[in-house]
Amino acid sequence: MNALEVRGLTKDFGSIRALDGLDLDVERGEVFGWLGPNGAGKTTTVRLLLDFIRPTAGTATILGCATSDPRVRGRIGYLPGDLHLDPSYTGDEVFRFYGALRGGVDLARLDELLERFSLDPTRRIGELSTGNRRKVGIVQAFVHRPDLLILDEPTSGLDPLLQHEFNDVVRASVADGATVFLSSHVLPEVEALATRVGILRRGRLVAVVTVESLRRQARQRLSFVLERPPGASPLASIPGVVDSRVADVVVDVVVEGSAAGVVATLAPFGIARVTSRDDDLEDVFLGYYETPEAGA
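Here is what the cut-offs are and how they apply
- Residues numbered from 1 in each chain as written.
- Predicted model: local features only at pLDDT ≥ 70, side-chain atom pairs only at ≥ 80, totals over all residues.
- Heavy atoms only, no water.
- Pairing = 2+ DSSP bridges.
- Helix = DSSP H or I, 4+ residues; strand = E, 2+ residues; numbered from the N terminus.
- Contact = heavy atoms within 4.5 Å.
- Axes fitted to C-alpha atoms, helices over the stretch in contact; angles between N-to-C directions.
- 1 Å grid on protein atoms, 1.4 Å probe; cavity = no way out; pocket = protein on both sides within 12 Å on 5 of 7 lines; lining within 4 Å.
- Points joined across faces, edges and corners; volume = space filled by probe spheres on them.
- Nonpolar A, V, L, I, M, F, W, Y, C, P; charged D, E, K, R; others polar.
- Salt bridge = Lys/Arg side-chain N within 4 Å of Asp/Glu carboxyl O.
- Buried < 20%, exposed > 50% of the residue type's maximum accessible area, 1.4 Å probe, protein only.
- Polar contact = N/O pair within 3.5 Å; in protein donor to acceptor, adjacent residues only side chain to side chain.
- Phe/Tyr/Trp six-rings, centres within 6.5 Å; stacked < 30°, edge-to-face > 60°.
- Expected span 1.5 Å × (residues − 1).

Draft legend 1. Structural detail: the sheet that holds strand β4 (residues 57–62). Across the sheet, 4 strands lie side by side as β2-β1-β4-β5; this open sheet has antiparallel pairing. Looking at the sheet topology across the chains shown, the edges are occupied by β2 (16–26) and β5 (65–66). Where strand β1 (residues 4–13) lies against β2, 7 bridges are found, and the strand directions are antiparallel. By the bridge assignment, Leu-4 is partnered in β2 with Val-26. Against the sheet, helix α1 (residues 42–49) touches β1, β2 and β4, its axis set at about 115 degrees to β1.

Structural data, given as structure tokens:
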């Protein structure tokens, strides 16, 4: 049984179709990235899954239950993109309030998360920075060790160190058997955690692919400093080379797939240094939006 099963899920807001016939399965124990630009329908999907709004057509089940079944609520951890908490509450009061709905608070788990995210639970929400309010939401989502985490733009407002802590908490939760549905428009955030991603465009599912397959499609940008100038570019006939430029002993190259042929060709000129940019996954991702046929 999958953690999420969606069939034909559609949502109209008046004349606007926000989600169009979504079919999707999310396996138990995986981190599934839900990607798309703002307005693609990501948050509408999340709200439908949580039964905050009702579909125009189609069905969805969570952990084998209908989305409207109250028995499944305590097994879900949810972090909304727009987190609204009573500014007069302290963090402690927030955790006690939500904990009471689930039958209690695991104080050891709460203390662990508070320490990890350097969060003072005695301060009132209205006194906190955007990042610290976000941390309250993260702790609230994870503290009860849910079977399914639905996270909407979870690291918005966090500094890089706390993003790293967040990633560690996600990985630990998955190691304990949780499933994560991670909605984001930030590709590196999803790339760091997910094994598969669904790509949404204008309310329609464009593709479901593994992150590894995206990496295989990505282009690498490499810069070689040689010991001797190679003259005219010797790389034009090398498979996978998209572009290359030579300036004396510096060779800049863009390559799809393996760079082994490039290295072998330049080796006779003496490779003094090589630098690379991260695989350009963003270009691959954007390619799903540039043509109507992308991902078909």
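Draft legend 2. Representation of the layout of surface pockets. For the largest pocket, the calculated volume is near 470 Å³. Contributing to the lining of the largest pocket are 19 residues, with Phe-52, Tyr-78, Tyr-98, Arg-102 and Gln-140 lying nearest its centre. At 4 residues, the largest contribution of residues to the lining of the largest pocket is made by helix α2 (residues 91–102). Across the lining of the largest pocket, the residue classes break down as 10 nonpolar, 6 polar and 3 charged.

Draft legend 3. Representation of the sheet that holds strand β14 (residues 271–276) within the structure. The 4 strands lie next to each other as β12-β13-β11-β14, forming an open sheet whose pairing is antiparallel. Edge strands, defined here as strands with exactly one partner in the open sheet, are β12 (241–247) and β14. Ignoring strand direction, the axes of neighbouring strands in this sheet form an average angle of 15 degrees.

Draft legend 4. Quick look at the pairing of strand β10 (residues 204–210). As defined by bridge partners, strand β9 (residues 196–201) adjoins β10 across 6 bridges and the pair is classed as antiparallel. What sits directly across from Val-197, in β10, is Val-209. Taking the residues between adjacent antiparallel strands as the criterion, β9 and β10 are bridged by 2 residues, where Arg-202 takes a positive phi near 50 degrees.

Draft legend 5. Geometry of the pattern of salt bridges. Overall, the coordinates contain 14 salt bridges when judged by the stated rule. Here Arg-71 makes a salt bridge to Asp-69, at a shortest N to O gap of 2.6 Å. Of the residues examined, Arg-71 reaches a relative accessible area of 67% and is grouped as exposed. Given the relative accessible area of 13%, Asp-69 is considered buried. In this structure, the salt-bridge partner of Glu-112 is Arg-109, at a minimum N-O distance of 3.4 Å. In this pair, Glu-112 and Arg-109 both sit in helix α3 (residues 107–116), 3 residues apart, roughly one turn of the helix. You can call Glu-112 partly exposed: its relative accessible area is 33%.

Draft legend 6. Focus on the environment of Thr-122. Inspection of the secondary structure puts Thr-122 in the loop between α3 and α4 (130–142). In this structure, the C-alpha to C-alpha distance between Thr-122 and Asp-69, residues 53 residues apart in sequence, is 34 Å. Setting aside residues no more than four positions away along its own chain, Thr-122 makes contact with Thr-90 and Asp-92. A distance of 2.7 Å separates polar atoms of two side chains, one belonging to Thr-122 and the other to Asp-120.

Draft legend 7. Geometry of the packing of aromatic side chains. For the coordinates displayed, the defined rule picks out 6 aromatic pairs. Look at Trp-34 and Phe-181: their rings are 5.7 Å apart centre to centre, the planes differ by 40 degrees, and that puts the pair in the tilted class. With Trp-34 in strand β3 (residues 31–35) and Phe-181 in strand β8 (residues 179–184), this pair connects stretches of sequence that are 147 residues apart. Neither residue differs from the other here; Trp-34 and Phe-181 are each classed as buried. Considering the side-chain rings of Phe-52 and Tyr-78, the 5.6 Å spacing of their centres and the 65 degrees angle between planes classify their relative orientation as edge-to-face.

Draft legend 8. Highlighting helix α5 (residues 160–175). For α5, which comprises 16 residues, the first-to-last C-alpha distance of 23 Å matches the rise-based estimate of 22 Å (1.5 Å per residue) to within 8%. On its buried face, α5 is in contact with β3, α3, α4, β7 (148–152) and β8. The distance from a side-chain oxygen at the start of α5 to the backbone nitrogen of Leu-161 is 3.1 Å, and the residue carrying that oxygen is Asp-159. Positive phi shows up at Gly-177, right after α5, with a value of about 110 degrees.

Draft legend 9. A look at unusual backbone geometry. The phi dihedral of Leu-63 falls on the positive side, at around 50 degrees, and the residue is not glycine. Within the fold, Leu-63 resides in the loop between β4 and β5. Classification of Leu-63 as buried rests on a relative accessible area of 4%. Within the chain, Asp-248 stands out as a residue other than glycine whose phi angle is a positive 60 degrees. With respect to the element layout, Asp-248 can be found in the loop between β12 and β13 (250–256).

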